[in-house]
Amino acid sequence: MAVDIKMPALSPTMTEGRLSRWLVKTGDEVKSGDVIAEIETDKATMEVEAVDEGVVGEITVAEGSEGVAVGAVIARLLEGGETDLPASAEQNLDRPAAEPAPTGAAVVVEAVAATRVVAEPDWDGPTKQQTVREALRDAMAEEMRKDERVFVMGEEVAEYQGAYKVTQGLLDEFSNKRVIDTPITEHGFAGLGVGAAFGELRPVIEFMTFNFSMQAIDQIINSAAKTLYMSGGQMGCPIVFRGPNGAASRVAAQHSQCYASWYAHCPGLKVVSPWSAADAKGLLKAAIRDPNPVIFLENEVMYGQSFDVPEHKDWVVPIGKAKVVRPGSDVTITAFSIMVGKALEAAEQLSAEDIDAEVIDLRTIRPLDTETIVESVKKTSRLISCEEGFPFAGIGSELAMQMMEQAFDYLDAPVMRVTGKDVPMPYAANLEKLALPQADDVVAAARQACYRTQGG
Amino acid sequence: MADKKNSVRKRGRPPKSVINDKPSREILEQLYEQMILIRRFEEKAGQLYGMGHIGGFCHLYIGQEAVVVGMQSMADEGDSVVTSYRDHGHMLACGMESRGVMAELTGRKDGYSRGKGGSMHMFSREKNFYGGHGIVAAQVPIGAGLAFAHKYKGDGGVNMAYLGDGAANQGQVYETFNMAALWKLPVVFVIENNQYGMGTSVARAAAGQDLADRGKAYGILGLQVDGMDVLAVRAAAREALEHCRSGKGPFILEMKTYRYRGHSMSDPAKYRTRDEVDAMRKQHDPIEQLRDLLLREGADEAGLKQIDQKVKSVVSEAADFALASQEPDAEDLYTDILIA
Ligand SMILES: Cc1ncc(C[n+]2csc(CCOP(=O)(O)OP(=O)(O)O)c2C)c(N)n1
Ligand SMILES: [Mg+2]
């Protein structure tokens, strides 16, 4: 039986080539692996090896032929055995492409918005005052008591009790099996955490600050976020990467960046950034239980701030649900992390000017709870987005676009954003203050959105 | 290299008797069958690539078969494996089915990743195969993490993390060596030194070409092994696995091997001579070596031919399956992004 030898595709982009030389002639015996011809592709001259054994029966494309299409029969091989391919496969080289995937903003929005979340449990029971730091520690401790698989790993998390004391006491309670000091090796321990998550553990990986996660971003994006998809759903990666994000105070450009929009950009990750201690606790517990990789962005300046935290033995706040922290009717202000406090401060100032602002704490950046924001905008017709990060391609840019797509008809003013300035963070105290968004900036933006001049 | 008499070279310690591994003929035949399977599978993959049925990057394992077959033949059921993008052989050696691997290569819904991973990104939790990773060396800390999980759970498993000679120059490998040694993680780092990282020879990329020594600073033992000799690989694997299983921490095996084909399908391989390739093929081919041994051990030609035929039909059935399988549904574009 004869086997067709076809013009091979020798690069991902090759459609035709020149058959520069035959190294066999009719009647020659060839074995698998023998070089039979040389072909010039769009990139290089390549050797063609025989796949099957047999005798060259016929050469159908002569040496020197140009523009030989990929898939064209170039020779026939006579062999005793079976042919290797079904006729259908051989005929149909350019098989029809899959149905074009639906594209366009509307569909994408649907996919993003389709993530369903359950409402946060209302709490009117007793509360206690706790700092954000204590709330985070309690969240980890509670989850570690509940689930043997949860462990905490990072630089100085164990014996030193945490560079910012967030892991205080954990080593004593859980031993060095579950609270692990690493060398200064972010790329390494982020990847090791991903492997442990693939191995069915539940790592909580602390970055001393998220600035250092840049060393590890390859493992976070390429390994943690994408592997579930690339494995057709087999390889879930239940891991939490947490640590302080954004500006601290006077630590300058390399230690003062907000990474919310970097991580929120990527499908396959959840991105959480709480403000209050209650949310920090409830969301971190939810993040540890989540079967997906979660980026948990804290803020160093917030660690020492106290809030009321429910006295509940299992306080969990669902990921993906924003929270209206101050109801109002004139303008919607969204913020997350430290900016929520500044937005609330701004709302107080605005009320003195008779502007009633509604403040929404986004809490989760991805999946973004656009429903809550749209509901608010329907009421106020105005939106100000606040964040500490840079303006270009920031969370505010995304929010503005989301409103174009989902709430355009309700808007009475352009969406506005209050962001960090578009500069690396300066060291000098005065410049740092100028670079960071302040409550006054929010007030100014709100006035503008409401078409008011100061005091007017 | 293969021409060295003592194919397993010890570093700093006297050789152990374990090196004289003499498997039964039955085992030799199994090894032969697995190596032939990988070779025929890869040849078929190359052919389907040439016909346009496989796209993108496709890195063949031809020439290196003895490494993964020898290693995995000594592994226990609960051991885990992770490797780079040159992963087809590893998947077959882990017991994943040819048809599922081939269907992933053709980008079809019956592939191991349902058509969404392709040649470089395939996984099977069932077979403890954790990928298939496209970023050079990213699999190394992941392997150590899997080893961390084995130790944490106390399940007695060892991870085998395969990496190339090129990957051995990545920073994260040394971050991982350090942690693995520090925490005595049960991981065997199998460096498949096929002498080239794409077009760059080890000599042009590595200062200090004995990659088995790369763990020295961390106190990790290393062996240089003739990776073209499946029995030498087995002997080394046994020693490394015993070391890891007894709680002594990581181990490095540098497998001296060779890839016959280009780096990927579109590599004309002009950085080496045809003679170099031919010499390796003629003098050190792992399959021919084992075949000769089998014949010396009394196996007959007809029996071996039977194995060849069986493998050929498995591979051709896999190709048929991979071509008949449907492409993924358009809705699959949006699945498997997050676990609900
Ligand atoms: C981080 C990264 N850099 C570069 C590449 C491109 N690349 C893919 S394979 C390769 C060579 C690797 O060689 P080696 O580790 O020896 O493995 P081999 O291909 O020989 O199996 C390169 C440079 C990549 N995939 N990832
Ligand atoms: Mg190599």
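In this text the structure is predicted, and so the values were computed from the model without any measurement.

Our focus in this paragraph is the pattern of salt bridges. Residues and elements named next belong to chain A. Overall, the coordinates contain 44 salt bridges over all chains when judged by the stated rule. Arg76 serves as the salt-bridge partner of Glu58, at 3.2 Å between the closest nitrogen and oxygen. Taken together, the residues Glu58 in strand 6 (residues 54–59) and Arg76 in strand 8 (residues 73–78) connect sequence positions 18 residues apart. In this structure, the salt-bridge partner of Lys285 is Glu142, at a minimum N-O distance of 2.6 Å. Linking Lys285 in helix 9 (residues 277–289) with Glu142 in helix 3 (residues 132–146), this pair joins segments that are 143 residues apart in sequence.

This next bit is on the sheet that holds strand 2 (residues 16–22) of chain A. Residues and elements named next belong to chain A. Pairing is antiparallel in the open sheet, where four strands are placed in the order 5-4-2-7. The strands lining the two open edges of the sheet, one partner per strand, are strand 5 (45–49) and strand 7 (65–69). Adjacent strand axes in the sheet meet at a mean angle of 40°, parallel and antiparallel pairs treated alike. Strand direction decides the pairing type here: strand 4 (residues 35–40) and strand 5, joined by five bridges, are antiparallel. Residue pairing across strands places Ala37 opposite Val48, the latter belonging to strand 5.

Residue and element names in this part refer to chain B. The coordination sphere of the magnesium ion (ligand 2), as far as protein atoms go, consists of Asp165 (OD), Asn194 (OD1) and Tyr196 (O), spread over 2.1 to 2.2 Å. Counting along the primary sequence, the residues that act as donors to the magnesium ion (ligand 2) give the motif D-x28-N-x1-Y. With relative accessibility at 5%, the residue Asn194 sits in the buried group.

All right, on to the interface of chain B and chain A then. In this complex, chain B contributes 66 residues to the contact, which on the side of chain A involves 81 residues. Roughly 6100 Å² is buried in total at the junction of chain B and chain A, and carbon and sulfur atoms are behind 59% of that figure. For the chain B face of the interface with chain A, the top three residues by lost area are Arg125, Tyr152 and Ile339 of chain B, together amounting to 13%. Linking chain B with chain A are four salt bridges. In this structure, the salt-bridge partner of Arg274 of chain B is Glu49 of chain A, at a minimum N-O distance of 3.9 Å. Taken together, the residues that form the side of chain B that touches chain A break down as 30 nonpolar, 17 polar and 19 charged.

Scoring rules and cut-offs
- Residues numbered from 1 in each chain as written.
- Chains lettered and ligands numbered in written order.
- Predicted model: local features only at pLDDT ≥ 70, side-chain atom pairs only at ≥ 80, totals over all residues.
- Heavy atoms only, no water.
- Salt bridge = Lys/Arg side-chain N within 4 Å of Asp/Glu carboxyl O.
- Helix = DSSP H or I, 4+ residues; strand = E, 2+ residues; numbered from the N terminus.
- Pairing = 2+ DSSP bridges.
- Axes fitted to C-alpha atoms, helices over the stretch in contact; angles between N-to-C directions.
- Donors = N, O, S within 2.8 Å, 3.2 Å for Na, K, Ca; no water.
- Buried < 20%, exposed > 50% of the residue type's maximum accessible area, 1.4 Å probe, protein only.
- Contact = heavy atoms within 4.5 Å.
- Buried area = accessible area lost by both parts, 1.4 Å probe.
- Nonpolar A, V, L, I, M, F, W, Y, C, P; charged D, E, K, R; others polar.

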